[in-house]
Amino acid sequence: MIVLLPAFAIAAALLVFGVIVAFAGVSPVDVWTLLFKGAFGDWYSWQNTLQRSAPLMLTALCVALPAQAGLVIIGGEGALVLGGLGCAAFAQLVPLPANIVGTVMVCIAGAMAGAAWIALAGALRQWRGINETISSLLLAYIAIGLFKHLVEGVLRDPASLNKPSTHALPDGMLISGIGGSDVHWGFVIGVVACILFALWLRWTPSGFSLRVVGGNPRTAQLVGLPATKLVLLACALGGACAGTAGAIEVAAVHTNANASLVSGYGYAGILVAFIARQQPIAIVPVAILFGGFGAAGSLLQRRLGLPDASVLLLQGIAFVFILASEALRGTDWLAFWRKVFGIEVAA
Amino acid sequence: MNADAIVTFVAAIAGGALRVGAPFLFVSLGECLTEKSGRINLGLEGVLVFSAMAGFGGSYWSGSPWVGVLAAACAGASLAFLHGVLCSLPRVNDVATGIALMLLGLGLAFYLGKPLIQPQAAQIPSISLGDWSDSAAVRSALQINALVPVGLVIAVFLWWAFANTRWGLLVRMAGDSSSAARALGYSVPGIRIAATAAGGMIAGLGGACLTLFYPGSWSEGVSSGQGLIAVALVIFARWSPLRCVLAALMFGGAGAVGPALQSIGIGWGYHLFNIVPYVLTLVILVATCRPGKTATGAPGELGAPS
Amino acid sequence: MSIRYTRRDSLKSLAALGAAAASPLAFAQKPLTIGVIYVGPRDDYGYNQAQAEAAALVKKMPGMKVVEEENVPETAAVQKTMTGMIAQDGATLLFPTSFGYFDPHMLVVAQKYPDIRFAHCGGMWTEGKHPKNTASYFGYIDECQYLNGVIAGHMSKSKKLGFIAAKPIPQVLRNINAFTMGARSVDPKIVTTVIFTGDWSMPVKEAEATNSLADQGVDVFTMHVDSPKVIVETAAKRGKMVCGYHASQAKLAPQAYLTGAEWNWLTAYMTFIDAAKAGKPHPNFVRGGLKEGFVKMSPYGPAVGDAAKKMADGIKAQMVADKFDLFKGPLKDNKGATVIAAGKTFKQTDIELEKMNYLVEGVVGSAS
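Along each chain, the written sequence defines residue order, and numbers are assigned to residues from 1. In the order they appear in the text, chains get letters beginning with A and ligands get numbers beginning with 1. Local features in a predicted model are, by the rule used here, given only for residues with pLDDT of at least 70; side-chain atom pairs are given and counted only at 80 or more, and totals for whole chains, interfaces and linings are based on all residues.

Q: Can you walk me through the overall build of chain C in this structure?
A: Here a helix means four or more residues in a row that DSSP labels H or I, a strand means two or more in a row labelled E, and each is numbered from the N terminus. When you go through chain C residue by residue, the secondary structure sums to 10 helices and 15 strands. Summarising its shape, the C-alpha atoms of chain C cover approximately 70 × 45 × 40 Å along the three principal directions. For chain C, with 368 residues in total, the buried portion stands at 56%. Whether a residue is buried, exposed or partly exposed is read from the other C-beta atoms within 10 Å of its own C-beta, which are placed from the backbone; 20 or more gives buried, 12 or fewer gives exposed, and intermediate counts give partly exposed.

Q: Mind showing me how you'd approach unusual backbone geometry here?
A: Working note: non-glycine residues mostly have negative phi, and peptide bonds are mostly trans. Cis rather than trans, the peptide bond between C:Gly329 and C:Pro330 has omega equal to -10 degrees. For A:Gln278, which is not glycine, the phi torsion reads 60 degrees and is therefore positive. With respect to the helices and strands, the residue A:Gln278 is situated in the loop between helix H11 (265-275) and helix H12 (280-304). Judged by the 22 C-beta atoms lying within 10 Å of it, A:Gln278 is buried. Although it is not a glycine, B:Trp239 adopts a positive phi angle of roughly 55 degrees. Relative to the helices and strands, B:Trp239 is located in the loop between helix H10 (226-236) and helix H11 (241-263). Residue classification places B:Trp239 among the buried positions, given that 23 C-beta atoms sit within 10 Å.

Q: Where do I start with the packing of helix H2 (residues 44-62) of chain B against helix H3 (residues 65-88) of chain B in this structure?
A: The description of two helices packed together rests on the angle between their axes and the distance between the axes. Residue and element names in this part refer to chain B. Where helices are involved, their axes are fitted lines through C-alpha atoms of the stretch in contact, as for all axes, and angles between N-to-C directions lie from 0 to 180°. As a packed pair, H2 and H3 sit with axes 7 Å apart at the nearest point and diverge in direction by 150 degrees. Taken together, H2 and H3 sit at an angle that is classed as roughly antiparallel. Considering how the two elements wind past one another, H2 and H3 form a crossing that is right-handed. For the pair H2 and H3, contact is made by Gly46, Val47, Phe50, Ser51, Ala52, Ala54, Gly55, Phe56, Gly57, Gly58, Ser59 and Ser62 and by Pro65, Val67, Gly68, Val69, Leu70, Ala71, Ala72, Ala75, Gly76, Leu79 and Ala80, respectively. A class-by-class count of the residues in the contact of H2 with H3 yields 14 nonpolar, 9 polar and no charged. By definition in this entry, angles of less than 35 degrees are roughly parallel, angles greater than 145 are roughly antiparallel, angles of 65 to 115 are roughly perpendicular, and the rest are oblique. Handedness of a helix crossing follows the sense of rotation of the near helix relative to the far helix, less than a right angle counterclockwise being left-handed and clockwise being right-handed. Our contact criterion uses C-beta atoms placed from the backbone: two residues qualify when those atoms are within 7 Å. Each residue is assigned to one of three groups, with Ala, Val, Leu, Ile, Met, Phe, Trp, Tyr, Cys and Pro labelled nonpolar, Asp, Glu, Lys and Arg labelled charged, and all others, Gly among them, labelled polar.

Q: How should the nonpolar core be read in this particular structure?
A: Considering soluble globular proteins, one finds that nonpolar side chains tend to be buried as a cluster. Of all hydrophobic cores here, the largest spans 365 residues; its most connected members are A:Leu61, A:Val272, A:Ile283, B:Leu233 and C:Val242. Per element, the largest residue contribution to this core is 18 residues, and it comes from helix H10 (residues 227-254) of chain A. Domain limits in this description derive from either an automatic procedure or a database domain assignment. Of the residues that make up this core, three or more belong to each of domain 1 (26-140 + 265-288) and domain 2 (153-260 + 306-364) of chain C. Ignoring any residue separated from it by four or fewer positions in sequence, one finds A:Ile283 in contact with A:Met57, A:Ala60, A:Leu61, A:Ala64, A:Cys194, A:Val272, A:Ala273 and A:Ala276. In this usage, the nonpolar core is the set of buried Ala, Val, Leu, Ile, Met, Phe, Trp, Tyr and Cys residues whose C-beta atoms join them within 7 Å.

Q: What's the story with the domain arrangement of chain C in this structure? I'm lost.
A: Residues and elements named next belong to chain C. Taken domain by domain, chain C comprises domain 1 (26-140 + 265-288) and domain 2 (153-260 + 306-364). Computed over C-alpha atoms only, the centres of domain 1 and domain 2 are separated by 28 Å. Of the residues lining the interface, 13 residues belong to domain 1; the matching set on domain 2 comes to 14 residues. Ranked by residues supplied to the side of domain 1 that touches domain 2, first place goes to helix H2 (residues 47-59) with 4 residues. When grouped by side-chain class, the residues that make up the side of domain 1 that touches domain 2 number 6 nonpolar, 5 polar and 2 charged.

Q: Quick question: what am I supposed to make of the interface of chain A and chain C here?
A: The parts lose accessible area when they come together, and the size of an interface is often stated as this lost area. Contact residues are listed per partner, giving 15 residues for chain A and 22 residues for chain C. If one sorts the elements of the side of chain A that touches chain C by residue count, H12(A) sits on top with 4 residues. In terms of residue class, the side of chain A that touches chain C is made up of 4 nonpolar, 8 polar and 3 charged.

Q: Sorry if this is basic, but what is going on with the sheet that holds strand S9 (residues 241-246) of chain C here?
A: Residues and elements named next belong to chain C. Here, a strand pair is defined by DSSP locating no fewer than two bridges between the strands. Here we have 7 strands laid out as an open sheet, ordered S12-S10-S9-S8-S6-S7-S15, and mixed in their pairing. With one partner strand each, in any of the chains shown, strand S12 (295-297) and strand S15 (363-364) form the two edges of the open sheet. Across 2 bridges, the pairing between strand S7 (residues 191-196) and S15 is parallel. Bridging from a neighbouring strand, Thr192 pairs with Val363 of S15. Packed on one face of the sheet, helix H5 (residues 142-155) meets strand S6 (160-165), strand S8 (220-224), S9, strand S10 (257-263) and S12 and runs near 175 degrees to S10.

Q: Would you explain the sheet that holds strand S4 (residues 117-121) of chain C in this entry?
A: The pairing of strands in a sheet happens through backbone hydrogen bonds and is either parallel or antiparallel. Residue and element names in this part refer to chain C. Spatially, the 6 strands line up as an open sheet ordered S2-S1-S3-S4-S5-S11, and their pairing is parallel. The open sheet has two edge strands with one neighbour each: strand S2 (64-69) and strand S11 (285-288). Adjacent strand axes in the sheet meet at a mean angle of 20 degrees when their direction is disregarded. Pairing of strand S5 (residues 134-139) with S11 involves 4 bridges; the strand directions are parallel. By the bridge assignment, Gly139 is partnered in S11 with Gly288. This element, H2, spans strand S1 (32-37) and S2 of the sheet and lies at about 150 degrees to S2. Taken strand by strand, helix H4 (residues 102-112) contacts strand S3 (93-96), S4 and S5, and its axis lies near 170 degrees from that of S4.

Q: Can you walk me through the pairing of S9(C) in this structure?
A: Along a regular strand, successive side chains alternate from one face of the sheet to the other. Residues and elements named next belong to chain C. In terms of burial, S9 is largely enclosed, as 6 of its 6 residues are buried. When the strands point away from the viewer and the path from the first strand over the helix to the second turns clockwise, the crossover is right-handed. Regarding topology, helix H8 (residues 229-237) serves as the crossover connection from S8 to the parallel S9, and that connection is right-handed. By the bridge criterion, 4 bridges tie S9 to S10 in an arrangement that is parallel. What sits directly across from Tyr245, in S10, is Ala261.

Q: Teacher, can you tell me more about the environment of C:Ala91 here?
A: Residues and elements named next belong to chain C. Mapped onto the secondary structure, Ala91 falls in the loop between helix H3 (77-87) and S3. Ala91 gets classed as buried once you count the C-beta atoms within 10 Å, which come to 23. Separated by 262 residues in the primary sequence, Ala91 and Leu353 have C-alpha atoms spaced 33 Å apart. Beyond its immediate chain neighbours, meaning those up to four positions away, Ala91 contacts Thr33, Ile34, Gly35, Val67, Met85 and Ile86.

Q: Just checking my understanding: could you explain helix H7 (residues 203-215) of chain C for this structure?
A: Residue count minus one, scaled by 1.5 Å, sets the expected span of a helix. With 13 residues, H7(C) should reach 18 Å at 1.5 Å per residue; the first-to-last C-alpha distance of 18 Å fits that figure. Along H7(C), 13 of the 13 residues are buried, which leaves the element largely enclosed by surrounding structure.

Q: Could you clarify how one ought to interpret the interface of chain A and chain B in this entry?
A: Taken together, the contact pairs 38 residues of chain A with 42 residues of chain B. Of all the elements in the fold, those that place two or more residues in the side of chain A that touches chain B are helix H5 (100-128), helix H6 (132-152), H11 and helix H13 (309-325) of chain A. Ranked by the residues each element gives to the side of chain A that touches chain B, the list is headed by H13(A), at 11 residues. Taken together, the residues of the side of chain A that touches chain B sort by class into 24 nonpolar, 10 polar and 4 charged.

Q: How should I be thinking about the environment of C:Tyr300 in this particular structure?
A: Residue and element names in this part refer to chain C. Tracing the chain through its elements places Tyr300 in the loop between S12 and helix H10 (306-320). The spatial distance from the C-alpha of Tyr300 to the C-alpha of Leu258 is 5.8 Å, given a sequence separation of 42 residues. Discounting chain neighbours no more than four positions away, the residues touching Tyr300 are Thr259 and Lys309.

Q: Explanation requested: H5(A) in the structure shown.
A: Side chains three or four residues apart in an α-helix point the same way, a direct result of the helix having 3.6 residues per turn. With 29 residues, H5(A) should reach 42 Å at 1.5 Å per residue; the first-to-last C-alpha distance of 41 Å fits that figure. Two residues or fewer after H5(A) comes A:Gly129, characterised by a positive phi angle close to 65 degrees.

Q: What am I meant to see in the confidence of the model for chain B here?
A: Close reading of the predicted structure is inappropriate where its pLDDT is low. When pLDDT is averaged along chain B, the result is 83, and 93% of the positions lie at 70 or above. pLDDT is a residue-level measure of predictor confidence that goes from 0 to 100. The spread of mean pLDDT over the elements of chain B runs between helix H5 (residues 136-141) of chain B, the lowest at 72, and H3(B), the highest at 92.

Q: What is the right way to look at the packing of H12(A) against H13(A) in this model?
A: Residue and element names in this part refer to chain A. Relative orientation of the contacting elements H12 and H13 amounts to 145 degrees, with a least axis distance of 8 Å. Judged by the sense of rotation from one axis to the other, the crossing of H12 with H13 is right-handed. On H13, the residues touching Phe293, Gly294, Ala296, Gly297 and Leu300 of H12 are Ser310, Val311, Leu314 and Gln315. Among the residues making up the contact of H12 with H13, the classes are represented as 5 nonpolar, 4 polar and no charged.

Put into structure tokens, the structure is as follows:
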């Protein structure tokens, strides 16, 4: 049932989408075929999909981990850009070896920048009672403004006249594709992070305590769990994930930090996390689904002449349906169908 | 800077505040109503853009801007109604639905709005409040959108209605204490859906302001996150419709400071000026909140699972 | 450089050969798939529309197939688009049209696919630094902005002009400078105020900037943003005049539109397409101005006076005959320093001009 319901929701969304494009004079069957082909049709499409899903897994963790503590954090975008900035700035300001050690260190710098930012939202909640959804949103906007200001100002590479950016990371520090494919190691980092956190939450005492704080605050209080510490930990870990996503984007894709880093991964991650019901292990397939949608979008535009917004529309419909299907979870289907068909249930 | 230049500069900021603040006004009033009933609508960005497109389309195809305004209001109401209904279902989370709706609203708007990028549509007339002045800058700054007085009337009406009418009381009850409302026999989800839809309708008027007045044309960049910012705005205004008016002017003015400064030659710190409103909101929150006690004026049920 | 065909391409060619075996021209008429990538919508009355108009003309030519993708941001997404066009659609000549696609995105993909040709609009292809299968093309539209400036200089009553630009990159600065110099050649007291919005397409900021400048007394506007629509409409609403850019916006404000600087990209596109079809080496650095037909001026609007037309036409004729130099010394920037020494003249093709980082005297605003 856990998988069936969202699957039905997606099927329903595809149906609705097919009807909508039929109005535009495009054959729904063509659309469905291309969607599949563009997302999962061949090795090229798979690479496209996986590549797009990599940052989403980490930004989704930025929502899912604090959610375990009962917080709703939506400021992943801010943590991501600060992570990217931290990575680029660290590489610029501190002499680092241009090899994997350097890569690890700049990623850690990015993670720490992101962790600090989200932990700030958590701290504001614990010490001032400010709703973390709002504060993390505000902090995201502030982070983006600061990022743009610094990238175009103090940290700017004077040679980057045409597109203000920081100095580029040295080649040895860049993250390459796995075995020569287009999918960079960030994908592996994302999957590993999801698995590790899933295990941590399930099998360790600290992970369990976190879930108690989130699931039943009263019990947590009664038992004397250090709620504040755990909340801050969850926020810091979530922010570290988003910050790492930013650092990876810089090290694997852009090679420097510039305005293109602000590309909505943080917000997409929020949706991924909610659809995965905040479970790190479920984040992996949901992120891949999301990546698949994005990958298929280009093909729809090029082959069928559909506007690029079609995929956005499909995503919107799909996610509305998936979220709505949550309401049907736990329905006693047997009783439902019996009632529909008027079959009496023996007492 | 001589007196004339100062007047021009101030007028530029004031003008910007009125121009850019108009959509903020409507979106924040809409969100205020929604939140007063205990529901948070993060999908207002989608509502705003969708109703902007609908307004532009309505005006373009009918030739009358007021048909466009009506179309925008209806579009806003329908999308918000969807949000309200979805959130009333069990186990559906407000925040996630809001973001999903934002995607849906944006997707619908961009998809349906493709043929509307090139054409021009009849615009909402403007009211000149500044004819008393000699300065062209002041005159143009005080050219306000004909919908702005409507917005002010709505703001006053909401403020009065929350305190003095049965409906206002019901909305506030649903927002502050849903058990009290239920005890009196009212359907809390019903009230919230109605409030969310009405809020969406008001926000839709904001969308009309964008494409039918300023900047006056439909394109995919027409909104710059104003829907999401509205959530911050409402908190900044402490959930009072009258303060929403002031907050909208302030946020609008902050957006105008950058270009105004550049037009007199100062270009530094452009991005920092843009984030001043958010920093201010955060500062105010830090100053006024205490743990355990939510922000003064916040509806009690906001943020609680439905 | 010679093109090595992939197996897919040779199968396609074989099929084409077989089908057209009777025609003696069959060998030269292999169908060519080109890919065009836009950063915004195709019908934006501006930059993308100018490119799309050329692409539309190419689509009509026999033996040509065009795949297009719009709204591709200047991020890694464009790499995916380019790779998709190559791997899925069989494109062998790509036109990534937005400035920010060049470095690193196009270069990365070009290195992975050395047999595919890339023609970037606006980048600065450098011998030795960039791979041979890449190229950059651009037009000397600053010549048209100069003429815009001449017209604006004649028609402006307040002697204050406004220029709304996206980012202070060399091409944009060159346009601002050309516009100002053109206006000041009519009246040296004219001043251009420039406002940078921060990005190629920011409708609200562009509208704000237009209003700010109008408040300051500016009465003729021009711009360098992706879609001039908002600026043209806002300026017209304020009763000001406007000189267009990228494509003709005359339809949007027929009374306020004086003239405009337009692209004529088909000429550039054909340079690459002809070379690809004939198997000739990829032309790496393609530039042209009014003379070569890369750019053109919009027809004059009803508000333009005869004296203005005469002067502008005269200068245009000189430019076409290669007898007019825009950038020559002595030239001071708006901070007082001399940027071009007396006696020095830059030809339009001079690479130095593509590194421009100053604003000339008469411009209010800062390049950094």
